[in-house]
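Examining the three-dimensional arrangement
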Amino acid sequence: MLELSRIHKSFDDQPLLRGVSFAVHRNETVCLLGPSGSGKSTLLQIIAGLESPESGTVSWQGKDLRNTPAHLRDFGLVFQDYALFPHLGVFENVAFGPRMKGWQTDEIKRGVMEVLQLVDLAGFERRAVTDLSGGEQQRVALARALAPRPRLLMFDEPLGALDRTLRDDLILQLRLILTRTRIPSLYVTHDQEEAFRVADRILLLHDGRIVRSGTPREVWESPDSAWAAQFLGLGNILDGRVLKGGRRVQTRDGTFEFKCAHRHRSGDDIRLLLRPTPVVGGSQLVGVAEEIIFQQDKYRVLLSGGLYFDLNAPPKIGDRVRVRVRLECLGVVRSP
Amino acid sequence: MAPEQSGAGPHRASFWLRRGALWLLPLSFLAAFFFLPFIRILAFSLDAATLSAANLRVALATLGFTVYQAALSTLLTLAMGLPAAVLFARFRFPGRSLLHALTAVPFMLPTVVVAAGFNALLGPRGWANLALMRSFGLSSPPIAFVGTLGAILVAHVFYNTTIVIRLVEGALSGLDPKLAQAARSLGADAPRVWWRVILPLLRAPLLAAMLLVFLFDFTSFGVILLLGGPSFATLEVQIYIEALSLLNLPVASLLALVQLLFTIGFSVLYTRTAVRSRIQTAPRAAQSNRRRAATRVEWLFIAGAVLVLSAFFVLPMLALPLRSISRLDADRGDRTAVQAGLTTDYYSELFINRRNSIFYVPPIQAAANSLTYAGASVLLSLALGFPAAAALAKPGRLEKILDPILILPLGASAVTLGLGFIVTFGRWLVHPWMVPLAHTLVALPFVVRTLQPALASLPERLRQAAASLGASPFRSWQAVDWPIVRRATLSAAGFAFTISLGEFGATSLLTRPEYPTIPIAIYRFLSQPGGANYGQAMAMATLLMALTTIGILMIERLRLPGAAEF
């Protein structure tokens, strides 16, 4: 439905977006994930029509939106700091969109009540938005965006200002609402955990381009690049050199057997991912435990070389630890 | 505060003794020269004979016009200031900070200079009229500006636009841009974003700006007297006329009372609104929302606004000095041959005591008088302001009460202060030193407000450190306090100097004909016929503008960061 094609945008002569293309389909929640300053919010502004790209097109069901101003695009926006109108009460905030669309009074009333019910805020109509808690304000913001029944919903780091428990609750509620209303949505965040939970599909934005796209499971299983693995916090990143025969790799932490879909030649410098969870039948790695962190159901053990692993039974600090791990290749850094 | 709490008997007594000593001089001064005159005005105006139906009718009619012109001026100022505030808050363009500074200059200029500036531009002998007369061969000036309500309104807009710009620009750039974006994404077009979101959020600062502008327009005196002419009398002008021309002190007092009541009422309203507007806009970080023009409409808006603002704020101030060195009039008796060219005659004429002159002394004597008065006002207001500021720097219970009392003279208009002096010290007015006393009264609030933050910022611990290193109290004062205090003192002196130089309202009532000040001289020159008088008015006003600019620069360069403005 929404389609972006080769969007370019720079700020102060620094390129920020360098040819971003992707689509959001019917009933789909797409999560745009990237570090702070990667241009995610700018991209949302471009889609909303609040900024214009230097080149590239935004289109909706095949129609180029170049000449459609922001207020006629019918795309809802939810901001991190809510951006509720402080001079209006809860009801008037939510009724703002329907009023702009020129709905009848009783239609507006019904619509507002409906969305307030949906976000669990029935009975809050007459409250001042400045008196609400952060979580309540964010739900009003969601209700406000939902009220005019937009054809696309966009979220700009919507939960960034909330504490963890509240965040977990709201993520669940958000998914339920998105599934129920069936509005396609684009969700922007820098928090990979949030992204994995909310999204039907994840887009990784890096250096002004989409570097990986796929379902949360696909992205988690094969990040496809060292940057992505690092950013997603998937595990240890290790450099190594392929030894003769192409089946073994030498690293500063030892020499391992590895299997990989990539084609390697001996002498290639490659980058490896070592996930923290040990596997049965993996390559064996030995190290000295330097620090142990309690993590509810397991213990994160930091080895003296800097690698870390999650073990079920904690060793003592100073113990020699053996772990069996799987080596995944993230790509070739340099060929000889 | 510490000294009050550690209250054993003798300590406490000596604390109050010291506090009392600090307050003795400033409070006696205020009692003698502000409250006593104020009581005399009250007594005069609340007399049964004064409160006659005829007098009340005069008061009511004058009040009516005063409110009318002030309201009209306020609306026009808003019409000029609001787009300007949007321009400065939202856009980046070359020359932005220069234009911003230019719009703030008029606020500091003496009324007579502003009046002379507009006279030089649009008056009967101003550039515009002379140019039109010459190019179309007209025998009389085609633009009637001086002597109209329009002149009053334009001058008021010129003066007060900066208030709207400062208050609204501050609020506007503090506004979260996401609010407007949210409204846009909810289907509001640009006009509805303004009407439904931005203007409602700017309500408090807009109201505060309007109240403040109204207050200044309500008490405006010099502009009305010099540009409006005899047919327009606000309360201020009517007080002046009743007191000086009609010698009707009771009616003047009645008018002054009406004036005071209104001023106090509006000041209270303003203070409340200002507090509210600060609460609403304070917590945003000062991240800049300014950007370059993005669309053709924005580009046109910026170009238009910059053009209008720079013309409006530069032309009168440029017309004045240029007019003071140009001879553009026909010589007497010869109406056709116009002698045009550069001249320094108007300046050299200032040094000559003509027999048929309107003064008894060479006009340049006015400059000497003004400088003497300004010097006296600086010394006096510093002598009174220092102890008061020192006491206010470490406020106790007493200071909470005395602080607003000290600022009170600001609320009373200058003409009312002058009238108070007349009704209280009528017999002493032959002495020229009454004038700097009145100037001190006007300058004192500014002086105290400048000194107080500096004195409050003095680092107690540094002084203790110096003392522990063996410095005598004087040495530690010299090493620690003086460098900080010096800046504030010079800045306060700049305020007193500038205020005294340009003071017109009180001076016009108090000055003796043989001791004119610069503003008085300009006023008299302007109210006399003839090109020579006009030229000398321009020369004198240019001189005053230059002196004031020096004062303003001194204040601006020495201003402590973060010192309050309004």
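Each chain carries its own residue numbering, running from 1 in the written order of its sequence. Chains carry letters and ligands carry numbers; both start at the beginning, A for chains and 1 for ligands, and go up in the order they are written. pLDDT decides what is reported in this predicted model: residues at 70 or higher carry local features, side-chain atom pairs at 80 or more are listed and counted, and totals for whole chains, interfaces and linings draw on all residues regardless.

Here's the deal with the overall build of chain B
Quick reminder of the rule: Each helix is a run of H or I in the DSSP string that is no shorter than four residues. Each strand is a run of E no shorter than two, and both are numbered from the N terminus. Exposure is read from a count of other C-beta atoms within 10 Å of each residue's own; the residue is exposed at 12 or fewer, buried at 20 or more and partly exposed in between. C-beta atoms are placed from the backbone. Any residue pair is listed as a contact if its two C-beta atoms, each placed from the backbone, are within 7 Å.
Secondary structure summary: chain B contains 24 helices and two strands in total. When each of the 566 residues of chain B is scored for burial, the buried share is 44%. Within chain B, residue pairs in contact and separated by at least 24 positions form 80% of the contacts whose partners lie at least 6 positions apart.

Points about the overall build of chain A
Regarding its fold elements, chain A presents eight helices and 19 strands. Principal-axis analysis of the C-alpha atoms places the extent of chain A at approximately 75 × 45 × 35 Å. Expressed as a percentage of the 336 residues in chain A, the buried residues total 37%.

Let's talk about the nonpolar core
Residue and element names in this part refer to chain B. Filter applied, for reference: We define the nonpolar core as any set of buried residues of the types Ala, Val, Leu, Ile, Met, Phe, Trp, Tyr and Cys, connected via C-beta atoms lying within 7 Å of each other.
Counting 241 residues, the largest nonpolar core has A116, A155, V168, I522, M540 and A541 as the members making the most contacts within it. Per-element tally for this core: the top contributor is helix α7 (residues 149–174), with 15 residues. When neighbours within four sequence positions are excluded, I522 is seen to be in contact with V112, A116, A537, M540 and A541.

So, the domain arrangement of chain A
All names here are of chain A. Counted only if it meets this: For the domains described, the bounds stem from an automatic or database domain assignment. Residues are grouped as follows: Ala, Val, Leu, Ile, Met, Phe, Trp, Tyr, Cys and Pro are nonpolar; Asp, Glu, Lys and Arg are charged; every other residue, Gly included, is polar.
Split into domains, chain A comes out as domain 1 (2–230) and domain 2 (235–334). Centre-to-centre separation of domain 1 and domain 2, based on C-alpha positions: 38 Å. Counting residues at the interface gives four residues for domain 1 and six residues for domain 2. A per-class count over the side of domain 1 that touches domain 2 returns two nonpolar, two polar and no charged.

Focus on the confidence of the model for chain A
Our working rule: Every residue gets a pLDDT, meaning the predictor's confidence in that residue, from 0 to 100.
Summary statistics for chain A give a mean pLDDT of 88 and a share of 99% for residues scoring 70 or more. The lowest-confidence element of chain A is strand β19 (residues 327–334) of chain A, averaging 77 in pLDDT; the highest-confidence one is helix α2 (residues 90–100) of chain A, averaging 94.

Observations regarding the domain arrangement of chain B
Residue and element names in this part refer to chain B. When its domains are assigned, chain B resolves into domain 1 (20–49 + 348–560) and domain 2 (51–283 + 290–327). On the domain 2 side, the residues contacting the 39 residues of domain 1 number 37 residues. Listing elements by their share of the side of domain 1 that touches domain 2, those giving two or more residues are α2 (9–45), α18 (414–425), α21 (473–502), α22 (505–510), α23 (518–526) and α24 (531–558). A per-element tally of the side of domain 1 that touches domain 2 places α24 first, with 12 residues. The residue inventory of the side of domain 1 that touches domain 2, partitioned by class, reads 26 nonpolar, 12 polar and one charged.

Description of the sheet that holds strand β18 (residues 320–325) of chain A
Residue and element names in this part refer to chain A. For the record, the criterion: Each pair of strands is called paired provided DSSP finds at least two bridges between the two strands. Helix axes are fitted only over the stretch in contact, all axes being lines through C-alpha atoms; the angle between N-to-C directions runs from 0 to 180 degrees.
Ordered in space as β17-β16-β15-β18, the four strands form an open sheet in which the pairing is antiparallel. Each edge of the open sheet carries a strand with a single partner, namely β17 (308–311) and β18. The average angle at which neighbouring strand axes cross in this sheet is 55°, direction not considered. Pairing geometry for strand β16 (residues 298–303) and β17, over four bridges, is antiparallel. If you follow Y299 over to β17, its bridge partner there is L311.

What to know about the interface of chain B and chain A
Every contact between the two is made by 16 residues of chain B and, on the other side, 18 residues of chain A. Breaking the side of chain B that touches chain A down by element, the ones donating at least two residues are α8 (177–185) and α9 (190–201) of chain B. Looking at the side of chain B that touches chain A, the element that brings in the most residues is α8(B), giving seven residues. Classifying every residue of the side of chain B that touches chain A by side-chain character gives eight nonpolar, three polar and five charged.

Things to note about the environment of A:W103
Positionally, A:W103 belongs in the loop between α2 and α3 (105–118). According to the C-beta neighbour criterion, A:W103 is partly exposed, with 18 such atoms within 10 Å.

Here we look at the sheet that holds strand β10 (residues 209–214) of chain A
Residues and elements named next belong to chain A. Pairing is mixed in the open sheet, where six strands are placed in the order β6-β7-β8-β3-β9-β10. Where the open sheet ends on each side, the last strands, each with one partner, are β6 (75–78) and β10. Between one strand axis and the next, the sheet turns through 20° on average, direction left out of account. Sheet strands touched by helix α1 (residues 40–48): β3 (29–33), β6, β7 (152–156), β8 (185–189) and β9 (201–206). Its angle to β7, the strand with the most contacts, is close to 155°. Running over the sheet, helix α4 (residues 134–146) touches β6 and β7 and is turned about 175° from β6.

Notes on the confidence of the model for chain B
All names here are of chain B. In the predicted model, chain B carries a mean pLDDT of 82, and 90% of its residues have values of at least 70. The lowest-confidence element of chain B is helix α1 (residues 2–5), averaging 43 in pLDDT; the highest-confidence one is α9, averaging 92. Across residues 1–8, where pLDDT falls below 50, the model places six contacts with residues more than four positions away in sequence or in other chains. Taken as a whole, residues 561–566 scores under 50 in pLDDT and shows two contacts with residues more than four places along the chain or in a different chain.

Re the environment of B:G229
All names here are of chain B. Looking at the secondary structure, you find G229 in the loop between α11 (222–228) and α12 (235–245). Separated by 69 residues in the primary sequence, G229 and E298 have C-alpha atoms spaced 41 Å apart. With sequence-adjacent residues up to four places away left out, G229 is seen in contact with V146 and G147.

Quick notes on unusual backbone geometry
Residue and element names in this part refer to chain A. With phi around 50°, A83 is a residue other than glycine that occupies positive phi space. The topology assignment puts A83 in the loop between β6 and α2. The backbone of E157 shows a phi angle near 45°, a positive value even though the residue is not glycine. As for its placement among the helices and strands, E157 is situated in the loop between β7 and α5 (164–181).

Quick word on the environment of B:A311
Position of B:A311 relative to the elements: it lies in helix α14 (residues 296–324). Separated by 101 residues in the primary sequence, B:A311 and B:M210 have C-alpha atoms spaced 24 Å apart.

Examining the packing of helix α4 (residues 96–108) of chain B against α14(B)
Residues and elements named next belong to chain B. We apply this condition: For this classification, under 35 degrees means roughly parallel, over 145 means roughly antiparallel, 65 to 115 means roughly perpendicular, and everything else is oblique. Crossing handedness follows the turn of the near helix against the far one: under a right angle anticlockwise gives a left-handed crossing, and clockwise gives a right-handed one.
Relative orientation of the contacting elements α4 and α14 amounts to 40°, with a least axis distance of 9 Å. The orientation of α4 with respect to α14, classified from their angle, is oblique. Crossing of α4 against α14: the hand is left-handed. Within the contact between the two elements, α4 uses L99, L102, T103 and P106 and α14 uses V306, L309, S310, F313 and V314. Residues of the contact of α4 with α14, tallied by class, amount to seven nonpolar, two polar and no charged.

Some words on the packing of α8(B) against α9(B)
When two helices pack together, their arrangement is given by the angle between their axes and by how far apart the axes lie. Residues and elements named next belong to chain B. Close contact between α8 and α9 brings their axes to 10 Å; oriented N to C, the two are set at 135°. On the basis of their axis angle, the class for α8 and α9 is oblique. Taken as a pair, α8 and α9 cross one another with a handedness that is right-handed. Counted together, L179, A180, A183 and R184 of α8 and V193, R196, V197 and I198 of α9 form the full contact between these two elements. Counted by class, the contact of α8 with α9 contains six nonpolar, no polar and two charged residues.

Regarding the pairing of strand β14 (residues 269–274) of chain A
Residue and element names in this part refer to chain A. Direction of pairing for strand β11 (residues 236–242) relative to β14: antiparallel, over a ladder of six bridges. In the strand pairing of β14, G240 is matched with I270. Where β14 meets β19, six bridges bridge the pair, whose relative direction is antiparallel. What sits directly across from I270, in β19, is V332.

Some thoughts on helix α5 (residues 111–122) of chain B
Inclusion rule: By this rule, a helix spans an expected 1.5 Å times one less than how many residues it contains.
Along its 12 residues, α5(B) runs 16 Å from first to last C-alpha, staying within 8% of the 16 Å computed at 1.5 Å per residue. In terms of burial, α5(B) is largely enclosed, as 12 of its 12 residues are buried.

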